[in-house]
Amino acid sequence: MDHEPAAEPLYTPENYNPEDSLGRLIADVSRSILAGFDEELATQGMGITGAQWVILMRIARGCATTAAELCRFGHCDTGSMTRMLDRLEEKGLIRRVPSSRDRRITRLELTEAGQELLPHLPPVAVKVLNAHLKGFSRTELDQLKGFLNRIRANSGLPA
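Cut-offs used in this document
Residues numbered from 1 in each chain as written. Predicted model: local features only at pLDDT ≥ 70, side-chain atom pairs only at ≥ 80, totals over all residues. Heavy atoms only, no water. Patch = residues over 30% accessible without salt bridge, like charges linked within 9 Å, V, L, I, M, F, W, Y side chains within 5 Å. Areas by Shrake-Rupley, 256 points an atom, 1.4 Å probe, with all protein chains shown as cover. Salt bridge = Lys/Arg side-chain N within 4 Å of Asp/Glu carboxyl O. Helix = DSSP H or I, 4+ residues; strand = E, 2+ residues; numbered from the N terminus. Buried < 20%, exposed > 50% of the residue type's maximum accessible area, 1.4 Å probe, protein only. Phe/Tyr/Trp six-rings, centres within 6.5 Å; stacked < 30°, edge-to-face > 60°. Lys NZ or Arg CZ within 6 Å of the ring centre and 35° of its normal. Arc of directions from axis to C-beta. Contact = heavy atoms within 4.5 Å.

Further remarks concern a nonpolar patch on the surface. Taken together, the side chains of Leu10, Tyr11, Tyr16, Leu22, Ile26, Phe136, Leu144, Leu148 and Ile151 define a hydrophobic patch exposed on the protein surface, amounting to about 830 Å² of accessible area. Contributions of two or more residues to the nonpolar patch are made by helix H1 (22-43) and helix H7 (138-155). In terms of residues, the nonpolar patch owes the most to one element, H7, which gives three residues. Note that Leu10 resides in the segment before H1. On the basis of relative accessibility, which here comes to 68%, the residue Leu10 falls in the exposed class.

The subject of this paragraph is the pattern of salt bridges. Across all of its chains, the model carries nine salt bridges by this definition. One salt bridge connects Asp28 with Arg24, and the closest N-O pair in it is separated by 3.1 Å. Placement of the pair is Asp28 and Arg24 together in helix H1, with a separation of four residues, close to one helical turn. Two residues, Arg95 and Glu109, come together in a salt bridge whose shortest N-O distance is 2.7 Å. Linking Arg95 in strand S1 (residues 94-98) with Glu109 in strand S2 (residues 106-110), this pair joins segments that are 14 residues apart in sequence. Judged by relative accessible area, Glu109 falls into the partly exposed class, the value being 23%.

Another aspect to go through is the packing of aromatic side chains. Applying the stated criterion across every chain, the model contains two aromatic pairs. The ring of Phe73 is capped by Arg58, whose NZ or CZ atom sits 3.5 Å from the centre of that ring.

With that settled, the discussion passes to helix H6 (residues 122-132). When H6 is considered as a whole, its buried residues turn out to be Val124, Ala125 and Val128. Buried residues along H6 cover an arc of 95 degrees about the axis, so they all sit on one side. On its buried face, H6 sits against H1 and helix H2 (50-60).

This is the structure in structure tokens:
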């Protein structure tokens with residue numbers, strides 16, 4: 001789809017309101033969705049947080065197999081990621097496996113308990129996302145995702 005660029009900047013110092021800016025709106029919605037995950041996971045007694053849900057799903061889908069990859073994805077520091085991985089390991093949901101090719105690298109994988117929990121994770125996302133999208137049509141959702149994907153592309157982030 002071709003999109004005509006705006007003739008002038010959409011934000012200027014004169015019209016910029018931090019409380020109503022795109023960044024603030026996206027951050028607020030992101031926090032709300034993650035809090036919804038936390039609440040739903042607690043309600044279902046799964047024993048993990050929304051942030052841990054994300055890590056388990058990334059590992060399960062092969063999107064991230066090391067702590068460094070998870071840090072890049074989540075824009076977090078290695079210390080907090082290590083602590084989160086420690087908690088998941090203590091819960092018996094993941095294990096750290098030394099790489100056979102490079103001993104400096106430790107791969108992450110789900111344990112049997114993590115694999116057993118996996119089918120119960122997507123329904124949490126479905127419930128939380130549907131609650132946040134109440135009143136949206138499929139067309140509106142597709143448009144919103146398209147707009148967000150354009151913003152992501154403009155930022156240089158991978159799809």
